[in-house]
Amino acid sequence: MSTIPYKIYLEESEMPKAWYNVRGDMKKKPAPILNPATLKPVTLDELSGIFCRELAEQELDDTSRFIEIPEEIRNFYRMYRPSPLVRAYCLEEKLQTPAHIYYKFEGNNTSGSHKLNSAIAQAYYAKKQGLKGVTTETGAGQWGTALSMACSYFDLDCQVYMVKVSYEQKPFRREVMRTYGAKVTPSPSMETEVGRRINAEFPGTTGSLGCAISEAVEAATSQEGYRYVLGSVLSQVLLHQSVIGLETKAALDKYGIKADMIIGCAGGGSNLGGLISPFAGEILRGEANYEIIAVEPASCPSLTRGKYAYDFCDTGKVCPLAKMYTLGSGFIPSANHAGGLRYHGMSSVVSELYDQGILTARSVEQTSVFEAAEMFARVEGILPAPESSHAIRVAIDEALKCKETGEEKNIVFGLTGTGYFDMVAYQKYNDGEMTDYVPSDEELQKSFAKLPKVD
Ligand SMILES: *Cc1c(COP(=O)(O)O)cnc(C)c1O
């Protein structure tokens, strides 16, 4: 028996007291975000009209290496953090690999994912600024759930526009949000101008994320004391998610383990960015080397097949423009795609690190992702979210390579959440009805042609 326990926990006193901002260690910074109306870099004042002041400051801060985690947020983190770093002994045994596999499990809270790490920070700054509440959109519902938990903790009003088809298909997500006091509105609704317009134009539409964003932004800007909040992509969200990487690094250091490879799934890039930040920082400072792999769905391959260009962060084109690896803001993954991670672009920080060669990317097809999920669930016990299972897929592939070469690599991956609300996707897989889809070059070219012309 090895001396490394199944679960490596940190003491409360070992938990991070500051978030780490990897931009502070980047010599070449991510390109500035632009005002969609003027195409000039967004100013703090402009950004403060959409986001809370301190969050806008964090968004624009590319020099501070550490930003203190306020005591109130650390107290909330204590309720469900530190999250365990688990040594996947059972998976290693199943694969008969000499590799050592570790995963950082972020699903140990009611919202079921890492999104709570940023939701609580965003709610805190909204409260501190004296706001009444926040608005947001949610697709599958993970972000809306995390935000409603965070808002109820700080007694803030929380208004969630949930894509109508998800609202109807995921009634349990909706009820979790309502239990935490959020007002959940199916989008498009009749409560906003943009919602009424879309309903008139497309009667019976089941909605889209782009439409829900437009409604949430309108709701924020038309009510006194409200701001709009977002659960991924933004640099502030990556900053908050750095708590994942800092804890991971502290836990590894505690047992003198040097990671060789760090793997994370990438939708908008927030969990991946948070997990890898402290490690990427060491690479940037020339202190250590790691192989970092971002894993994305083959049906939504923004890093592996996208363009590095300025694009809209939302389909509604109301948020600032960011330079990122993107498939075009109009890109919608094929309808048979059930595995999540359907965002068209990638965090500008992750995009720039990728462009600099600090990390590599791989795309995987969803049936192979669910095969990995099934194996993982059966041997490690946790039912993983489809999104997280992208990272499991590549961790397994790499562990199998080690079996061939005999290398004893330390493989670390992020297990971002649980899959309890994804049973429709699992059902498709179990019924043998899941198919793969890879967009053609022509399809992507069509979408690239609609990228905004900047400079
Ligand atoms: C939202 C989500 C993701 C993807 O978002 P990122 O911003 O790329 O981290 C991954 N896993 C789970 C469980 C999620 O809820």
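As shown above, the structure is provided for reference.
Keep in mind it's a predicted model, so treat the numbers as computed, not measured.

Q: Tell me about helix 14 (residues 348-355), residues and numbers included.
A: The buried fraction of helix 14 amounts to seven of the eight residues, a majority that puts the element mostly inside the structure. All of the buried residues along helix 14 are Ser348, Val349, Val350, Ser351, Glu352, Leu353 and Tyr354. For helix 14, the secondary structure elements touched by its buried residues are helix 11 (235-254), helix 12 (270-284), helix 13 (302-305), strand 12 (307-312), strand 13 (321-326) and strand 14 (360-364). With a side-chain oxygen lying 3.2 Å from the backbone nitrogen of Val349, the N-terminal cap of helix 14 falls on Ser347. Phi turns positive one or two residues past the end of helix 14, at Gly357, with a value near 80 degrees.

Q: Report on empty space enclosed by the protein, specifying residues and quantitative values.
A: Tallying each qualifying case throughout the model produces four cavities of 30 Å³ or more. The computed volume of the largest cavity comes to approximately 90 Å³. As for the largest cavity, its lining consists of Ile33, Phe51, Glu59, Val233, Leu234, Ser235, Cys313, Pro320, Ala322, Ser347 and Ser348. Two domains each provide a minimum of three residues to the lining of the largest cavity, namely domain 1 (7-14 + 81-112 + 236-448) and domain 2 (20-68 + 114-228).

Q: For the side chain of Glu296, give the residues involved together with the corresponding values.
A: Structurally, the position occupied by Glu296 is in strand 11 (residues 291-297). Arg305 provides the closest opposite charge to the buried, unpaired Glu296, separated from it by 8.1 Å. Separated by 2.9 Å, the side chain of Glu296 and the backbone nitrogen of Leu303 make a polar contact. The residues contacting Glu296, other than those within four sequence positions of it, are Ala266, Pro301, Ser302, Leu303, Thr304, Arg305, Arg362, Ser363, Val364 and His390.

Q: Would you mind going over the environment of His344 in detail, with residue names and values included?
A: With respect to the helices and strands, His344 occurs in the loop between strand 13 and helix 14. Taking C-alpha positions, His344 is 26 Å from Gly24, a pair spaced 320 residues apart along the chain. Excluding residues that lie within four positions of it along the chain, His344 makes contacts with Ser302, Asp311, Phe312, Cys313, Asp314, Met324, Tyr325, Thr326, Leu327, Gly328, Ser329 and Phe331. Separated by 2.8 Å, the side chain of His344 and the backbone oxygen of Phe312 make a polar contact.

Q: I'd love a proper account of the site of the ligand, names of residues and values included.
A: Neighbouring the ligand are 17 residues; Lys115, Ser232, Ser270, Asn271 and Thr416 lie closest to it. In this structure, an oxygen atom belonging to the ligand sits 3.3 Å away from a side-chain N or O atom of Gln142. Taking 380 Å² as the accessible area of the ligand by itself, protein coverage stands at 94%. Split into classes, the residues belonging to the shell around the ligand amount to four nonpolar, eleven polar and two charged. Counting contributing residues, the shell around the ligand receives three or more from each of domain 1 (7-14 + 81-112 + 236-448) and domain 2 (20-68 + 114-228).

Q: Give a detailed account of the sheet that holds strand 7 (residues 157-163), specifying residues and quantitative values.
A: The strand order across the open sheet built from four strands is 8-7-6-9, with neighbouring strands paired in parallel fashion. The outermost strands of the open sheet, each flanked by one partner alone, are strand 8 (183-187) and strand 9 (226-228). Neighbour-to-neighbour, the strand axes of the sheet open up by a mean angle of 25 degrees, direction not taken into account. Taken together, the six bridges between strand 6 (residues 133-138) and strand 7 define a ladder with parallel strand orientation. When the bridges of strand 7 are listed, Thr135 appears paired with Gln159. Where helix 6 (residues 142-153) meets the sheet, it contacts strand 6 and strand 7, and its direction lies at approximately 165 degrees from that of strand 6.

Q: Break down the side chain of Ser347 for me, with residues and values.
A: Structurally, Ser347 can be placed in the loop between strand 13 and helix 14. In contact with Ser347, other than residues within four places in its own chain, are Val233, Leu238, Gly268 and Gly269.

Q: Could you give me a rundown of the sheet that holds strand 4 (residues 85-87), with the residues and numbers involved?
A: Think of a sheet as strands paired side by side through backbone hydrogen bonds, with each pair either parallel or antiparallel. Strand order in the open sheet made by the seven strands is 1-4-5-15-10-11-14, with mixed pairing throughout. Unpaired on one side and paired on the other, strand 1 (7-8) and strand 14 mark the two borders of the sheet. Pairing of strand 10 (residues 261-265) with strand 11 involves five bridges; the strand directions are parallel. Across the sheet, the residue bridging to Gly264 is Ala294, located in strand 11.

Definitions and cut-offs
Residues numbered from 1 in each chain as written. Predicted model: local features only at pLDDT ≥ 70, side-chain atom pairs only at ≥ 80, totals over all residues. Heavy atoms only, no water. Buried < 20%, exposed > 50% of the residue type's maximum accessible area, 1.4 Å probe, protein only. Helix = DSSP H or I, 4+ residues; strand = E, 2+ residues; numbered from the N terminus. Contact = heavy atoms within 4.5 Å. Polar contact = N/O pair within 3.5 Å; in protein donor to acceptor, adjacent residues only side chain to side chain. 1 Å grid on protein atoms, 1.4 Å probe; cavity = no way out; pocket = protein on both sides within 12 Å on 5 of 7 lines; lining within 4 Å. Points joined across faces, edges and corners; volume = space filled by probe spheres on them. Domains from an automatic or database assignment. Lys, Arg positive; Asp, Glu negative; His and termini not counted. Salt bridge = Lys/Arg side-chain N within 4 Å of Asp/Glu carboxyl O. Near = heavy atom within 4 Å. Areas by Shrake-Rupley, 256 points an atom, 1.4 Å probe, with all protein chains shown as cover. Nonpolar A, V, L, I, M, F, W, Y, C, P; charged D, E, K, R; others polar. Pairing = 2+ DSSP bridges. Axes fitted to C-alpha atoms, helices over the stretch in contact; angles between N-to-C directions.

Any functional reading would require information that these geometric values do not contain.
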